[in-house]
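Fold and geometry: a report
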Amino acid sequence: MAIFRTVLTGGILAAATTVAGAASADTWRYAFEEALDEVQGKYAQKFKEEIEANSDHEVQLFPYGTLGESVDTMEQAQAGILQFVDQSPGFTGALIPEAQVFFVPYLLPQDDEELFEFFRTSKAINEMFPELYAEQGLELLKMFPEGDVCMTTQEPVKTPEDLNEVKFRVMTNPLLVESYKAFGATPTPLPWGEVYGAMQTGIIQGQENPGFYLESTKMYEVTEVITCIGHNNFTTAVMANKDFYDGLSDEDKELVQNASDAAFEYILEYQSGLQEKSLENIAKAKPDMQINILSEEERQPFKDKAASVEEAFVEMTGERGKEILEQFKADLEAVK
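No experiment lies behind these values; they were computed from the predicted model shown.

Comments concerning the overall build of the protein chain
Across its full length, the protein chain carries 13 helices and 10 strands. Its C-alpha atoms give the protein chain a radius of gyration of 20 Å, near enough to 20 Å, the size a compact globule of 336 residues would have. Projected onto its principal axes, the C-alpha coordinates of the protein chain cover approximately 55 × 45 × 40 Å. Looking at the 336 residues of the protein chain, the share that counts as buried comes to 52%. When contacts within the protein chain are restricted to residue pairs at least 6 apart in sequence, long-range pairs at least 24 apart make up 77% of them. Carbon and sulfur atoms provide 50% of the accessible area of the protein chain, an area that totals close to 14,400 Å². Seen as two clouds, the 25 positive and the 60 negative side-chain charges of the protein chain have centres 3 Å apart.

Below, the structure written as structure tokens:
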């Protein structure tokens, strides 16, 4: 597998380099982890629209799979083959361990107004994280939420005990592994491209994603129950290759920042009611699908289990992670 992946990545990089060579100096390449009609794709299209409406630059968009898996597009962004990349902190956890703070369960608020204002004003996001991303050759442009994460399983989940021995797919993220261990499941890191088949064949029995993604990827076809326990909101980060960004004129830097801001406000508005609509569409597509939104009382045992995950985050990330977590909490308190 290691040899195959090296060959595959090399082929993808070569193909991307060919694209880069064929593009004009004013063509910028932007890859993301979802399809064009999903949340990251909608953000990317708005970003492209703003750039092209206010400059002579062109933005080429590469949806998920066109340039490989998440690890491939990150390598290409760091190498400068891509100018922009959208990737969840779940996949950048190995590069930037502190970014795993987004996966501490029950840290982010359920209220959309509080959540959105947190992403707008957070010192941790807007001042501390850019320094961490810069160390990895990346200019952090924007972080934004994508929707309340729900679990899909074959059997109902009402308590952590119901996840006992359930093989649960997680991103290759150490803190997500700790989260689902705490919840009682058997976390199984797996690339997204393998998840549908693994659910279908029973290799895994559970996975998590926002409602819109459960609908668009038809994950409901290979699962029986959706359970929302309010433990997280999927977060993603839009980045530029730092050498590319630093080499831009002041005018073009302002252009990129303005496009990022416009796309950010657009994507928050786009998400209004999206979770509810997606779950309704799933129920229509599969009438016998169980969709359970746990009450506050039912969520409490999961919250109790989650306390250990915060401790694990601090152990993984040390003093710098502790500072991020403390600032996170201060920022969240400020928007209540």
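There is more to say, and it comes next.
What to know about the packing of helix α6 (residues 123–134) against helix α13 (residues 296–334)
Interhelical geometry of α6 versus α13 gives an angle of 160° and a closest axis separation of 9 Å. In terms of their interaxial angle, α6 and α13 are classed as roughly antiparallel. The handedness of the crossing between α6 and α13 is left-handed. Seen from α6, the contacting residues are Lys 123, Ala 124, Ile 125, Met 128, Phe 129 and Leu 132; seen from α13, they are Arg 320, Glu 323, Ile 324, Gln 327, Phe 328 and Asp 331. In terms of residue class, the contact of α6 with α13 is built from seven nonpolar, one polar and four charged.

A look at helix α11 (residues 250–270)
The first and last C-alpha atoms of α11 sit 30 Å apart over 21 residues, in line with the 30 Å expected at 1.5 Å per residue. Of all the residues in α11, the buried ones are Asp 252, Leu 255, Val 256, Ala 259, Ser 260, Ala 263, Phe 264, Ile 267 and Leu 268. Those residues of α11 that are buried are in contact with β1 (27–31), α2 (39–53), β3 (84–87), α5 (112–121), β4 (138–153) and α10 (242–246).

Here we look at the side chain of Asp 148
Along the polypeptide, Asp 148 turns up in strand β4. Buried charged residue Asp 148 carries no salt bridge. Nearest counter-charge: Arg 299, at 5.3 Å. Among the polar contacts made by the side chain of Asp 148, one reaches the side chain of Gln 110 at a distance of 3.3 Å. Those residues in contact with Asp 148, other than ones at most four positions away along the chain, are Gln 110, Asn 209, Pro 210, Gly 211, Cys 228, Gly 230, Asn 232, Asn 233 and Gln 275.

Observations concerning the packing of α2 against α11
Taken N-terminus to C-terminus, the directions of α2 and α11 make an angle of 140°; their axes are 8 Å apart at the nearest point. Compared by their axis directions, α2 and α11 come out oblique. Along this stretch, α2 crosses α11, giving a crossing that reads as right-handed. Residues Val 39, Lys 42, Tyr 43, Lys 46, Phe 47, Glu 50 and Ile 51 of α2 form the contact with α11, whose participating residues are Leu 255, Val 256, Ala 259, Ser 260, Ala 262, Ala 263, Phe 264, Tyr 266, Ile 267 and Tyr 270.

Notes on the packing of aromatic side chains
Counted according to the given criterion, the structure contains 20 aromatic pairs. Between the aromatic rings of Phe 183 and Phe 302, the centroid separation amounts to 5.6 Å while the plane-to-plane angle is 80°, which identifies the pairing as edge-to-face. Of this pair, Phe 183 sits in the loop between α7 (174–182) and β6 (186–189) while Phe 302 sits in helix α13, and the two are 119 residues apart along the sequence. We note that Phe 183, like Phe 302, is buried. These aromatic residues form a ring-pair network of at least three members: Trp 28, Tyr 30, Phe 32, Phe 47, Phe 84 and Phe 244. Looking at Lys 142, its charged tip hangs above the ring of Phe 264, at a distance of 5.1 Å from the centre.

Regarding unusual backbone geometry
You will see that Glu 165, though not glycine, has its phi angle at about 70°, which is positive. Its identity is not glycine, yet Lys 218 carries a phi of approximately 55°, on the positive side. Note that Lys 218 resides in the loop between α9 (211–216) and β8 (225–228). Overall, Lys 218 belongs to the partly exposed group, its relative accessible area being 40%.

Conventions and cut-offs
Residues numbered from 1 in each chain as written. Predicted model: local features only at pLDDT ≥ 70, side-chain atom pairs only at ≥ 80, totals over all residues. Heavy atoms only, no water. Helix = DSSP H or I, 4+ residues; strand = E, 2+ residues; numbered from the N terminus. Rg over C-alpha atoms; globule rule 2.2 N^0.38 Å. Buried < 20%, exposed > 50% of the residue type's maximum accessible area, 1.4 Å probe, protein only. Contact = heavy atoms within 4.5 Å. Areas by Shrake-Rupley, 256 points an atom, 1.4 Å probe, with all protein chains shown as cover. Lys, Arg positive; Asp, Glu negative; His and termini not counted. Charge placed at Lys NZ, Arg CZ, Asp CG, Glu CD. Axes fitted to C-alpha atoms, helices over the stretch in contact; angles between N-to-C directions. Parallel < 35°, antiparallel > 145°, perpendicular 65-115°, else oblique. Left-handed = near helix turned anticlockwise from the far one by under 90°. Nonpolar A, V, L, I, M, F, W, Y, C, P; charged D, E, K, R; others polar. Expected span 1.5 Å × (residues − 1). Salt bridge = Lys/Arg side-chain N within 4 Å of Asp/Glu carboxyl O. Polar contact = N/O pair within 3.5 Å; in protein donor to acceptor, adjacent residues only side chain to side chain. Phe/Tyr/Trp six-rings, centres within 6.5 Å; stacked < 30°, edge-to-face > 60°. Lys NZ or Arg CZ within 6 Å of the ring centre and 35° of its normal.

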